[in-house]
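The residues making up each chain are set out below.
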Amino acid sequence: MAKSRTIYICTACAAESPQWFGKCPNCGTYGTLEEQMLSSNNNPLTNRGGWQSNTRTNGKTEGPAQPRISQRFSQITQLEQTRFNSGYIELDRVLGGGIVPGSLVLIGGDPGIGKSTLLLQAAHQLAQRLPRILYVSAEESGQQIKLRAQRLGVGVVDEETNGNGKKKQATLETQNIDPHLYVLPETDLEEILRELESLKPQVAVIDSIQTLYFAALTSAPGSVSQVRECTSALMQVAKRENITLFIVGHVTKEGAIAGPRVLEHLVDTVLYFEGDRYASHRLLRSVKNRFGATHEIGIFEMVDHGLVEVTNPSELFLGSRDDASPGTATIVACEGTRPIVVELQALVSPTSYASPRRSTTGVDYSRLQQILAVLEKRVGIPLSKLDAYVASAGGLGVEEPAADLGIAIAVVASFRDRVVDPRTVLIGEVGLGGQVRLVSQMELRLKEAAKLGFKRAIVPKGQVYPDDTGLEIIPVGKVIDAIIAAIPQQRPYSEGMALDEDDEQSFSEDN
C-alpha cells in the first residue's frame, strides 16, 4: 500500500511547506496554508537525465559554433493574428480589437456582478456567426441556463419577427434556440477535455474554474492544486485545437482572483468585472493582455433583460451642467486609450472632532491628503481643521494623476462657496511644490471635452495640444494660477460656512 504524506500549500503563491505556519514562508501572507494529502504514487521519481549526461565533451571545441534548435530572430515567420468580433464593441475593445483564436481569457468579479450573464450573451452572439460554441456550466444545470437565457432574451429565432423587422423573444413553443450553441453541465475535467477534443468548438466558456475537479488529485475542488492542474490541462487542449477559452474565476473578499497566482500567469488575458451593487453600470477592466493594451475598460449597464453596452460613457459619469453647485469640477480621465469626462464633487466643512475627517469615493485617499497639504502650504488655504469629502460621479475609480487639478479646484471652490464654470474642464497633475505638471494623451482628452460641448480647458503650461479642438486653452504653471482662472470673483453661492476674518484675508492676499 502506498504511503501518503501531508503537505501544506499556500493559496496565494502555491508554495509548498512540510508543516503548517501562520504565515507563508514564501510570500508572507497570513492564513493561506492549506493541508493536502499527497500519495507517493503521485510523484514518481524519474531519472530524466541532464545536460551532463548527454552533452559532455572532451573540452575541445572544433569548428564554428552552430545552433542546435534555436533560430535567429529574423528567421521567425510573422503570422498575422486574425481576430473575430464577439458581438459587443465594449468587449472587443477590452480584448484589444476582438477575440484571438486559441487564446485563454480569465474573467473575475464579485458574485452576482454579471459574469455569467455577459458570457452567455456573448456566446449567443457568437453562435449566430460560428458553427460551434460550447458553454460548460459547472455551477448550473441545463434547465437553469435555459430559463436564464429566456429571461435575458437570448432565446430568439429568426422566424419570429415583428412588422418592423425586429426580433421577438422566443416562446415555449419556439424554444429551439441557437442550434450552434452547445451546453455541457459538467464538473469532471476529463469529461470536459473529451468534449472539447470531440466537438472542437471555436469558442468555449468554462463557468467556473474553481468548481472543476481532476479525479487523479485527492484535494477538493477549488484548491490550489486542482485549479492549477485544471487550467494547465485546458490550456494545452485549447492551444492544440486552436480553441478560444473564456474562463470564469471567483474572487476573494480582497477582490483578487481566488486560487494560486500562477492561474493569472497561465492565461493570455485577465479581465475584472467591477461595479457597485447599488448602481446599474458595470466596468470590464483589463489588467493583463498579451494581444493588446492593458487598463482598457468597457462599460455596460445592467437592465431587466441583461447587459447592454454604454455607447457614450462620459454622459454616465457627468452630472447635470444646468444645476451648478459649489465644489464641483469636471475632469477628463483616461482609462487605457479611452477618455471619460467625470464630474468631481468636494465638500469642505468645519470639523466637530479634534482631528478632521477625510473621506473619498472613487478617488485615491492618499492623493487627497497630498493635495490638501499642497493647498495649505503653497496656496495658504487653512484646511487642517476642516473636514474634506471628495467623490466622483457614479463612483468611477479615478486614480490617475491627471485628476489632481480637478480635485484641488473642487476643494477650493467648496471652501470659498464658489461655482466653477460648468463649461470648463481641468486637466493636470499637482506637484508638491504647487506646480501643475504635464500629463499624457492630452489630444484625446481635449477632443472628448469638445465633443461634449465644453468651451474652456485649463491645462499645464508647456503642454502640447492640437489647435483645432475649438476649446479656449488656458495654460497654467501653478495651482494658484489655476484657481484664479477657474474660480471667478463672485459673491458666495450660499452662506452655509462662516469663515474667520483672518482666513478670508489670508486667502485674498494669496490670490
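Residues numbered from 1 in each chain as written. Predicted model: local features only at pLDDT ≥ 70, side-chain atom pairs only at ≥ 80, totals over all residues. Heavy atoms only, no water.

Asker: When you look at the packing of helix α5 (residues 189-199) against helix α6 (residues 224-241) in this model, what are you seeing that I'm missing?
Answerer: For any two helices packed against each other, one specifies the inter-axial angle together with the distance between the axes. For the pair α5 and α6, the least separation of the axes is 10 Å and the interaxial angle reads 10°. By the angle between their axes, α5 is roughly parallel relative to α6. Of α6, the residues touching α5 (which contributes Leu-189, Ile-192, Leu-193, Leu-196 and Glu-197) are Glu-229, Cys-230, Ala-233, Leu-234, Val-237 and Arg-240. Taken together, the residues that form the contact of α5 with α6 break down as eight nonpolar, no polar and three charged. (Axes fitted to C-alpha atoms, helices over the stretch in contact; angles between N-to-C directions. Helix = DSSP H or I, 4+ residues; strand = E, 2+ residues; numbered from the N terminus. Parallel < 35°, antiparallel > 145°, perpendicular 65-115°, else oblique. Contact = heavy atoms within 4.5 Å. Nonpolar A, V, L, I, M, F, W, Y, C, P; charged D, E, K, R; others polar.)

Asker: Would you take a moment to explain the sheet that holds strand β13 (residues 328-335) for this structure?
Answerer: Strand pairs in the sheet, formed through backbone hydrogen bonds, run parallel or antiparallel to each other. With mixed pairing, the seven strands of this open sheet are ordered in space as β15-β16-β14-β13-β17-β20-β21. Each having just a single partner strand, β15 (358-361) and β21 (472-476) make up the two edges of the open sheet. In this sheet, neighbouring strand axes are inclined to one another by 25° on average, regardless of whether the strands run parallel or antiparallel. Alignment of strand β20 (residues 456-460) against β21, held across five bridges, turns out to be parallel. Its bridge partner being in β21, Arg-456 is matched across the sheet by Glu-472. (Pairing = 2+ DSSP bridges.)

Asker: What is the right way to look at the layout of surface pockets in this model?
Answerer: The gaps left among the atoms become clear once a water-sized probe is rolled over them. By volume, the largest pocket amounts to about 500 Å³. Considering the residues around the largest pocket, the lining is formed by 20 residues, among which Glu-274, Arg-285, Leu-396, Gly-397 and Glu-399 are closest to the centre. Residues belonging to the lining of the largest pocket are distributed by class as follows: five nonpolar, nine polar and six charged. (1 Å grid on protein atoms, 1.4 Å probe; cavity = no way out; pocket = protein on both sides within 12 Å on 5 of 7 lines; lining within 4 Å. Points joined across faces, edges and corners; volume = space filled by probe spheres on them.)

Asker: Got a minute to help me understand the pattern of salt bridges in this structure?
Answerer: Note that side chains of opposite charge can pair when their charged atoms are close. Evaluation of the coordinates by the stated rule reveals 13 salt bridges. For Glu-140, the salt bridge identified is with Arg-148, shortest N-O distance 2.6 Å. Look at Glu-140 and you get partly exposed, because its relative accessible area is 22%. Two residues, Arg-285 and Glu-274, come together in a salt bridge whose shortest N-O distance is 3.3 Å. Remark: Glu-274 occurs in strand β9 (residues 269-275) and Arg-285 occurs in strand β10 (residues 281-289); sequence separation between them is eleven residues. Glu-274 sits in the partly exposed class, given a relative accessible area of 32%. One salt-bridge network, in which partners are shared between bridges, spans Glu-197, Arg-240 and Glu-241. (Salt bridge = Lys/Arg side-chain N within 4 Å of Asp/Glu carboxyl O. Buried < 20%, exposed > 50% of the residue type's maximum accessible area, 1.4 Å probe, protein only.)

Asker: Explanation requested: the pairing of strand β12 (residues 306-309) in the structure shown.
Answerer: A regular strand carries its side chains on alternate faces of the sheet. The pairing of strand β11 (residues 297-303) with β12 spans four bridges and is antiparallel. Looking at the pairing, Met-302 lines up with Leu-307 of β12. Joining the antiparallel neighbours β11 and β12 is a turn of two residues.

Asker: Help me out: how do you make sense of the sheet that holds strand β8 (residues 244-249) in this one?
Answerer: The sheet built from nine strands is open, its strands ordered β6-β5-β7-β8-β4-β9-β10-β11-β12 with mixed pairing. Sheet topology places β6 (181-185) and β12 at the edges, where each strand pairs with a single neighbour. Strand-to-strand twist in this sheet, taken as the mean axis angle between neighbours without regard to direction, amounts to 25°. Taken together, the five bridges between strand β5 (residues 133-137) and strand β7 (residues 203-207) define a ladder with parallel strand orientation. By the bridge assignment for β7, Leu-134 is matched with Ala-204. Together, β5, β6 and β12 form the strand contacts of helix α4 (residues 142-152), whose direction differs from that of β5 by roughly 120°.

Asker: It is not clear to me how unusual backbone geometry should be interpreted in this structure. Could you clarify?
Answerer: Of all residues except glycine, most have a negative phi; of all peptide bonds, most are trans. For the bond from Asp-207 to Ser-208, the omega torsion is 5°, close enough to zero to count as cis. For Ser-208, the location among the structural elements is in the loop between β7 and α6. For Asn-242, which is not glycine, the phi torsion reads 60° and is therefore positive. Tracing the backbone through its elements, the reader meets Asn-242 in the loop between α6 and β8.

Asker: Quick question: what am I supposed to make of helix α12 (residues 479-486) here?
Answerer: Since one α-helical turn is 3.6 residues long, residues separated by three or four positions face the same way. Residues of α12 that are buried: Val-479, Ala-482, Ile-483 and Ala-486. Along the long axis of α12, the arc covered by the buried residues comes to 100°, so they all point the same way. (Arc of directions from axis to C-beta.)

Asker: Mind showing me how you'd approach empty space enclosed by the protein here?
Answerer: Taken as a whole and judged by the stated rule, the model has two cavities of 30 Å³ or more. As a volume, the largest cavity reaches approximately 50 Å³. As for the largest cavity, its lining consists of Arg-83, Leu-95, Gly-98, Ile-99, Val-100, Ser-103, Val-105, Thr-269, Asn-289 and Phe-291. Across the lining of the largest cavity, the residue classes tally to five nonpolar, four polar and one charged. The computed volume of the second largest cavity comes to approximately 30 Å³. Lining the second largest cavity we find Val-363, Asp-364, Arg-367, Val-398, Glu-399, Glu-400, Ala-403, Asp-404 and Ile-407.

Asker: Would you mind going over the packing of aromatic side chains with me for this structure?
Answerer: When we look at a pair of aromatic rings, we describe it by the centre distance and by the angle of the planes. A full pass over the atoms with the stated rule returns two aromatic pairs. Measuring from centroid to centroid gives 6.2 Å for Tyr-88 and Phe-300, while their planes differ by 65°, and the two rings are edge-to-face. Highlighted residues: Tyr-88 in the loop between α1 (51-54) and α2 (89-95) and Phe-300 in strand β11, separated in sequence by 212 residues. Tyr-88 sits in the buried class, given a relative accessible area of 9%. (Phe/Tyr/Trp six-rings, centres within 6.5 Å; stacked < 30°, edge-to-face > 60°.)

Asker: How do you make sense of the side chain of Gln-463 when you look at a structure like this?
Answerer: Note on placement: Gln-463 falls in the loop between β20 and β21. Only 3.0 Å separates the side chain of Gln-463 from the backbone oxygen of Val-439, close enough to count as a polar contact. When near neighbours in sequence (up to four residues on either side) are disregarded, Gln-463 contacts Leu-438, Val-439 and Met-442. (Polar contact = N/O pair within 3.5 Å; in protein donor to acceptor, adjacent residues only side chain to side chain.)

Asker: Any chance you could explain α4 here in plain terms?
Answerer: The complete set of buried residues in α4 reads Ile-145, Arg-148, Ala-149, Gln-150 and Leu-152. The elements touched by buried residues of α4 are α3 (115-127), β5, β6 and β12.

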